[in-house]
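Coordinate analysis (summary)
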Amino acid sequence: MASSFDVNPYSSAPPSPPGLATGAEVADLLRQIVELQREQLQILKASVAAHDTGSRWKAFLARMREDFPEISDSCRGALTALEKAYGALIADLVDHIKQNGPEALDTDFSLQEFLDRYGMRLTQLGTILNLVAPLAEASSQGESS
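The structure displayed is predicted, hence computed values, not measured ones. Numbers given to residues run from 1 along each chain, matching the order in which its sequence is written. Note on the predicted model: pLDDT of at least 70 is required for a residue's local features to be given, and 80 or more for side-chain atom pairs to be given and counted; whole-chain, interface and lining totals, by contrast, use all residues. Where side-chain values are given, they derive from all heavy atoms of the structure, hydrogens and water being excluded.

1. Side note on the confidence of the model for the protein chain
The predicted coordinates of low-pLDDT regions are not to be read in fine detail. Looking at any residue, its pLDDT shows the predictor's confidence there, from 0 to 100. Looking at the protein chain, pLDDT values average 81 and 81% of them are 70 or higher. Across the protein chain, element-level confidence peaks in helix 3 (residues 71–100) with a mean pLDDT of 90 and bottoms out in helix 2 (residues 53–64) with 72. The secondary structure listing takes helices from DSSP runs of H or I that are at least 4 residues long and strands from runs of E that are at least 2 residues long, numbered from the N terminus.

2. Regarding a nonpolar patch on the surface
A cluster of nonpolar side chains, namely Val26, Leu30 and Ile33, defines an oily patch on the protein surface of about 250 Å² accessible area. In this structure, Leu30 sits in helix 1 (residues 23–50). Residues enter patches when they are more than 30% accessible in relative terms and free of salt bridges; like-charged ones are connected within 9 Å and nonpolar ones (Val, Leu, Ile, Met, Phe, Trp, Tyr) within 5 Å. Residue-level accessible areas treat just the shown protein chains as cover; the underlying method is Shrake-Rupley with a 1.4 Å probe. Salt bridge, as applied in this entry: a Lys or Arg side-chain nitrogen positioned within 4 Å of an Asp or Glu carboxyl oxygen.

3. Considering the packing of aromatic side chains
Between rings of Phe, Tyr and Trp, where Trp is taken as its six-membered ring, a pair exists when centres lie within 6.5 Å; planes separated by under 30 degrees are stacked, by over 60 edge-to-face, and by other angles tilted. Inspection of the entire model under this criterion finds one aromatic pair. Centre to centre, the rings of Phe114 and Tyr118 are 5.2 Å apart; their planes meet at 50°, and the pair counts as tilted. Of the two residues, Phe114 and Tyr118 are both situated in helix 4 (residues 108–144); the distance of four residues between them amounts to about one turn of the helix. Each member of the pair Phe114 and Tyr118 is classed as buried. Using a 1.4 Å probe on the protein chains alone, a residue whose accessible area is under 20% of its type maximum counts as buried, one over 50% counts as exposed, and one in between counts as partly exposed.

4. Looking at the pattern of salt bridges
In total, this model carries two salt bridges according to the counting rule given. Note that Arg31 and Asp28 form a salt bridge whose closest N and O atoms lie 3.9 Å from each other. Remark: Asp28 and Arg31 occur in helix 1; sequence separation between them is three residues, near one turn of the helix. We classify Arg31 as exposed; its relative accessible area is 54%. Taking relative accessible area as the criterion, Asp28 reaches 35% and is therefore assigned partly exposed. Here Arg76 makes a salt bridge to Asp73, at a shortest N to O gap of 2.8 Å. Separated by three residues within a single helix, Arg76 and Asp73 lie in helix 3, roughly one turn from each other. On the accessibility criterion, Arg76 (28% relative accessible area) is partly exposed.

Okay, structure coming up:
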């Protein structure tokens, strides 16, 4: 059984320097970079416009103004009550944790009881807030502008 290893000697010669670019080549590269950045800026602007939920809700309110003329004021009025109810529920949740201590959620039974008591109500109330708040905000922004 014979095996051979090929070992190349270490070369300490520095790598050859790349060719230096001329002024015209550098200027051309800079123009290409600027052009690419302009394209990226246009794409970014289009993306931001597509994700502008405020304008989407304003457009919704403008379309629905005839069918539901009181929706803006109703949303603003309901938002205060919804926020108070959400805050009260969170305060109740925090008080429950303070009174029973962090070990109160250690068992499966106590965790399930806690989730049954707070989880669904917080989730549903949060979802309603996420629907009503943008409408109330869009209506107040539309009136101020």
